[in-house]
Amino acid sequence: MSDLLDDADGLALAARVRSGQCSAAELLDAALRRLEAVNPRLNAVVTLTVDQARAAIGAGLPQGPFTGVPFLVKELVAAVRGTPTSAASLLYAQAVAPHDSEIVARYRRAGLVIMGKTNSPEFGISPSTESRLYGVTRNPWRLDLAPGGSSGGSAAAVAAGIVPVAHATDGGGSIRIPASACGLFGLKPTRARITAGPDVGEGLSGFAVQHVVSRSVRDSAALLDATAGPMPGDPYTAALPERPWLDEIRRAPTPLRIGFARSAATGVALHPDCLAAVEDAAALCAGLGHTVEEASPAYDAIALERGFVAVFSAHVMANIGRATGGALPAPELVEPLTYGLAERGRAISAAAFIGTLHALHRESRRIAAFWDRHDVWLTPTLAQPPLPIGHFDIESRDVDRWIAQLGAFLPFTYPFNVTGQPAASVPLYWNHDGLPIGCQIVARAGDEATLFRLAAQLEVARPWGHRRPPLAQHAPR
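A brief look at the structure comes next. (Residues numbered from 1 in each chain as written. Predicted model: local features only at pLDDT ≥ 70, side-chain atom pairs only at ≥ 80, totals over all residues. Heavy atoms only, no water.)

## Some details on the environment of Gly229
The criterion, for reference: Note on conventions: DSSP H or I runs of at least 4 residues are helices, E runs of at least 2 residues are strands, and numbering of each starts at the N terminus.
Looking at the element boundaries, Gly229 is found in the loop between α7 (217-227) and α8 (245-248). Separated by 11 residues in the primary sequence, Gly229 and Leu240 have C-alpha atoms spaced 7.7 Å apart.

## Considering the packing of α7 against helix α15 (residues 448-461)
The following threshold applies: A fitted line through C-alpha atoms represents every axis, and for helices the fit uses only the stretch in contact; the resulting angles, taken between N-to-C directions, go from 0 to 180 degrees. Oblique is the label for every angle not falling under 35 degrees (roughly parallel), over 145 degrees (roughly antiparallel), or within 65 to 115 degrees (roughly perpendicular). Note: crossing handedness is left-handed where the near helix turns anticlockwise from the far helix by less than a right angle, and right-handed where it turns clockwise. Pairs of residues are marked as contacts when any of their non-hydrogen atoms sit within 4.5 Å. Charged residues are taken to be Asp, Glu, Lys and Arg, nonpolar residues to be Ala, Val, Leu, Ile, Met, Phe, Trp, Tyr, Cys and Pro, and polar residues to be all remaining types, Gly included.
For the pair α7 and α15, interaxial distance at closest approach is 9 Å and the crossing angle is 155 degrees. Between α7 and α15, the angle falls in the class roughly antiparallel. As α7 packs across α15, the resulting crossing turns out to be left-handed. Side by side, α7 and α15 meet where Val217, Ser220, Ala221 and Leu224 of the first sit next to Glu448, Phe452, Ala455, Ala456 and Glu459 of the second. For the contact of α7 with α15, the class distribution of residues is 6 nonpolar, 1 polar and 2 charged.

## Focus on the pattern of salt bridges
Rules: By convention in these notes, a salt bridge is any Lys or Arg side-chain nitrogen within 4 Å of a carboxyl oxygen on Asp or Glu. Exposure is judged per residue with a 1.4 Å probe applied to protein chains only, and the accessible area is read against the type maximum: over 50% gives exposed, under 20% gives buried, and values in between give partly exposed.
Counting across every chain of the model gives 24 salt bridges. Asp100 is paired through a salt bridge with Arg81; the nearest N and O atoms lie 2.6 Å apart. Here Arg81 lies in the loop between β2 (70-74) and α4 (102-109) and Asp100 lies in the loop between β2 and α4, a separation of 19 residues in the sequence. Looking at Arg81, the relative accessible area reads 41%, which means it is partly exposed. The network of salt bridges with common partners includes Glu242, Arg243, Glu248, Arg251 and Arg453.

## Here we look at the packing of helix α2 (residues 24-42) against helix α3 (residues 50-59)
The axes of two packed helices give the description: the angle between them and the distance between them. It is at 10 Å that the axes of α2 and α3 come closest, and there the two elements cross at 165 degrees. If you check the angle between α2 and α3, you find them roughly antiparallel. Considering how the two elements wind past one another, α2 and α3 form a crossing that is right-handed. On the side of α2, the interface is formed by Ala24, Ala25, Leu28, Asp29 and Leu32, while α3 contributes Val50, Ala53, Arg54 and Ile57. Here the contact of α2 with α3 is composed, by residue class, of 7 nonpolar, no polar and 2 charged.

## Let's talk about the nonpolar core
Condition: Put simply, buried Ala, Val, Leu, Ile, Met, Phe, Trp, Tyr and Cys residues joined by side-chain atoms within 4.5 Å make one nonpolar core.
With 97 residues, the main nonpolar core has Phe71, Met115, Ile162, Phe185, Leu378, Ile441 and Phe452 as its most contacted residues. Top contributing element to this core by residue count: α2, with 9 residues. Counting residues in hydrophobic clusters, the runner-up holds 52 residues, among them Phe123, Ala264, Ala301 and Leu341.

## Some points on the packing of aromatic side chains
We count it as follows: Working definition: rings of Phe, Tyr and Trp (its six-membered ring) pair if their centres are within 6.5 Å, and the pair is stacked with planes under 30 degrees apart, edge-to-face with planes over 60 apart, and tilted otherwise.
Under the defined criterion, the tally for this structure stands at 14 aromatic pairs. Arranged with centres 6.1 Å apart and planes meeting at 85 degrees, the rings of Trp371 and Phe416 form a pair that is edge-to-face. Placement of the pair is Trp371 in the loop between α12 (350-368) and β11 (376-380) and Phe416 in helix α14 (residues 415-419), with a sequence separation of 45 residues. You can call Phe416 buried: its relative accessible area is 1%.

## Brief notes about α7
The α-helix winds at 3.6 residues per turn, so residues separated by three or four positions along the chain end up facing the same way. The criterion, for reference: We define a polar contact as two N or O atoms separated by no more than 3.5 Å, with the added condition that, inside protein, one atom must be a possible hydrogen donor and the other a possible acceptor, whereas residues neighbouring each other in sequence contribute only through side-chain atom pairs.
With respect to burial, α7 is a largely interior element, 8 of its 11 residues being buried. Three or more residues of α7 are buried, namely Val217, Asp219, Ser220, Ala221, Ala222, Leu223, Leu224 and Thr227. For α7, the capping residue at the N-terminal end is Ser216, with a side-chain oxygen 3.1 Å from the backbone nitrogen of Asp219. Count one or two residues on from α7 and you reach Gly229, which has phi positive near 120 degrees.

## Overview of the pairing of strand β13 (residues 436-442)
Looking along a regular strand, one sees the side chains alternate between the two faces of the sheet. For clarity, the cut-off: Whether two strands pair comes down to DSSP finding at least two bridges between them.
Of all 7 residues in β13, 7 are buried; the element is thus mostly enclosed. Side chains of β13 alternate between two faces, with Pro436, Gly438, Gln440 and Val442 and Ile437, Cys439 and Ile441 buried alike. As paired elements, β11 and β13 share 4 bridges and run antiparallel to each other. Bridging across to β13, Leu378 finds its partner in Ile441. The pairing of strand β12 (residues 423-430) with β13 spans 6 bridges and is antiparallel. Looking at the pairing, Trp430 lines up with Pro436 of β13. Counted along the chain from β12 to the antiparallel partner β13, the turn is 5 residues long, and its residue Gly434 has a positive phi close to 75 degrees.

## Quick notes on the environment of Ala281
Take Ala281: it is sitting in helix α9 (residues 272-287). Among residues more than four places away in sequence, those in contact with Ala281 are Leu378, Leu428 and Cys439.

## Some details on the environment of Gly321
Summarising the element assignment, Gly321 is placed in helix α10 (residues 301-324). For Gly321 and Pro84, which are 237 residues apart along the polypeptide, the C-alpha to C-alpha distance reads 19 Å.

## Overview of the state of the cysteines
For the record, the criterion: Criterion for a disulfide: a pair of cysteine sulfur atoms at a distance within 2.5 Å.
Tallied over the entire structure, the rule returns 0 disulfides. Distance from the sulfur of Cys182, which forms no disulfide, to the nearest cysteine sulfur (Cys274) is 15 Å. Note on Cys285: no disulfide assigned, nearest cysteine sulfur contributed by Cys439 at a separation of 8.7 Å. Since its relative accessible area comes to 1%, Cys285 is described here as buried.

## Topic: unusual backbone geometry
In this model, Gly149 is joined to Ser150 through a cis peptide bond whose omega is 5 degrees. Here Ser150 is to be found in the loop between β5 (135-136) and α5 (152-159). Residues Gly197 and Pro198 are joined by a peptide bond in cis, for which omega reads 5 degrees. Among the structural elements, Pro198 can be located in the loop between β7 (185-188) and β8 (209-214). Its identity as a non-glycine residue notwithstanding, Ala87 has a phi of 55 degrees, on the positive side. In this fold, Ala87 is placed in the loop between β2 and α4. Accessibility expressed as a relative area gives 13% for Ala87, which makes it buried. Phi is positive for Phe123, which is not a glycine, with a value near 55 degrees. Mapped onto the secondary structure, Phe123 falls in the loop between β3 (113-118) and β4 (130-131).

What follows is the structure, given as structure tokens:
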């Protein structure tokens, strides 16, 4: 019954379980058969929790919007009780979670069946999914290419048809980057939309959030409905939405004022395919009745980039310091790139760190002013198509080279981790090589509703759910 997974999103699979067309156990078996067929070539899933999954089904699953749907959790940030919580690092390879993170508990209450964990780069550092601990994850659209990162394992698994939706995290683009590279929908929610509890108050000084990558817009909306909201004691939270996000996608957006970007504020060059993708998306939006003009926020992009890297480096050192008491680790316990970033982070004084945060918050206010005149900013998600495996060299301590490569690849994603605004990558365009090229849509803080309405409209106008990479098309059914 592995064909149960084909061309169906998570809500559709749950409807089949409710109707008696199939059982949760049959869906799990179908997902495991697909995993067995494709994962040896992808290395998307690095830990299986099949016994836990079967036990949960046997005990009776909660009745929720996704009851019976197989699901995967990224090996970063979210803890799944009884499984490794390594952040893809040898430093934490023996760490086993004693409890679920709250977001995982909410996934279970929604009826999802957690069958395993997906690959991530060490500490989520790289926009490619390669680590010494778990190895390389490959892009199902072309196996010599990276699926993006850091949620590349989840994106590769969804694109290859193992599951219809999977957990992901985003501290600088890590939901949107692999969504673009793998032809999926990936929404980064508003800051503090989903609690990071019980173990963490905020991730990456508020830059990091959790959600999913998915085939459909509606799965993303329904899972945000199921997981959003604070825990008692959270340092802050996002304002509640006016109505469920799943209801929003059924509401056609009123004509929007959309600004779109043909260039990056940092001055890095855009690949012609990425420029073609955003121009195509702008024309599509105009054809749907929206007011579209070329326009971009005004801010100090170089200062924002430098500040982001400084905060990121400090947090790399903090992640290491939990295991080392604040010291640098033995070099063999972390990857050279990680070590180089940790050295840089350790050299930042407390005063300089706080000053950097204040400067980033000032730039955030300059960026936010753009939404006084526009409802949405439309950009390429990335400045380049999917890149070859090994492009970002985790075996080098040359942090400056890595920063330059990072800036050339993702100038449009990390600014909205800094501002905390919701942003989504939408798979509207495939290039002449048959590779997906995503476009990013960004709304005001707290306004996921506009993004869901627009994305759902685009999904109807330019459907993508039928598109499957060659690896998925040739997998046994």
